[in-house]
Amino acid sequence: MNGSPRFTLPEERPGAVAVEADPGRVSIRLSGAVDAVLAPRLDGVVADVVAAQPADVRLDLADVDFLGSHGMAFLVRVQHAVRAAGRAAAIDAASRPARIALRVAGLEHYL
């Protein structure tokens, strides 16, 4: 294909999760590729949220390069755990790839 433009996808960074807890509030920041590789760490975060005193959860997805099914399942599990405790969970910021993944999965209004 001489002369045709090349399309390359941006490189994904390894996924990461950071959690900050204050009385009555937990902030979770996801970044990079939120996929199966990050799943064990995400499972631990859900367990920590469930074990903590009831708190609202704020999610920051602004630096997410890729949001896979494991990442979406994590968001749903956090939402369920927080609602079961009578608290609220919300996404404060989301990157374009994260917003597109949530929209395609039908979760954009759920979270």
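Cut-offs applied
- Residues numbered from 1 in each chain as written.
- Predicted model: local features only at pLDDT ≥ 70, side-chain atom pairs only at ≥ 80, totals over all residues.
- Heavy atoms only, no water.
- Helix = DSSP H or I, 4+ residues; strand = E, 2+ residues; numbered from the N terminus.
- Buried < 20%, exposed > 50% of the residue type's maximum accessible area, 1.4 Å probe, protein only.
- Expected span 1.5 Å × (residues − 1).
- Arc of directions from axis to C-beta.
- Contact = heavy atoms within 4.5 Å.
- Pairing = 2+ DSSP bridges.
- Right-handed = clockwise from strand over helix to strand, strands pointing away.

Draft legend 1. Main features of the environment of Ile100. With respect to the helices and strands, the residue Ile100 is situated in helix H3 (residues 96–105). A residue is classified by how much of its surface remains accessible, and Ile100, at 32% relative accessible area, is partly exposed. It is 24 Å that separates the C-alpha atoms of Ile100 and Val45, two residues lying 55 residues apart in sequence.

Draft legend 2. Helix H1 (residues 39–51), seen in detail. Under the 1.5 Å per step criterion, the end-to-end length of H1 is 18 Å for 13 residues, consistent within 8% with the ideal 18 Å. For H1, the set of buried residues is Ala39, Leu42, Val45, Val46 and Val49. The buried side chains of H1 occupy one side of the element, clustering within an arc of 115° when seen end-on. Projecting away from the buried face of H1 at angles above 90 degrees are the exposed residues Pro40, Asp48 and Ala51. For H1, the elements touching its buried residues are strand E1 (16–22), strand E2 (25–34), strand E3 (56–67) and helix H2 (69–84).

Draft legend 3. Focus on the pairing of E1. Bridging between E1 and E2 involves 7 bridges; their strand directions are antiparallel. Residue pairing across strands places Val19 opposite Ile28, the latter belonging to E2. The hairpin formed by E1 and E2 contains 2 residues between the paired strands, and Gly24 there has a positive phi angle of roughly 80°.

Draft legend 4. Highlighting the pairing of E3. Pairing between E2 and E3: 9 bridges, direction parallel. In the strand pairing of E3, Ala33 is matched with Phe66. Following the backbone out of E2, through H1 and into the adjacent parallel E3, one traces a crossover that is right-handed. Across 5 bridges, E3 lies against strand E4 (residues 89–94) in parallel orientation. Within E4, the position partnered with Leu59 by the bridge is Ile91. Each parallel crossover has a hand, and for E3 linked through H2 to E4 it is right-handed.

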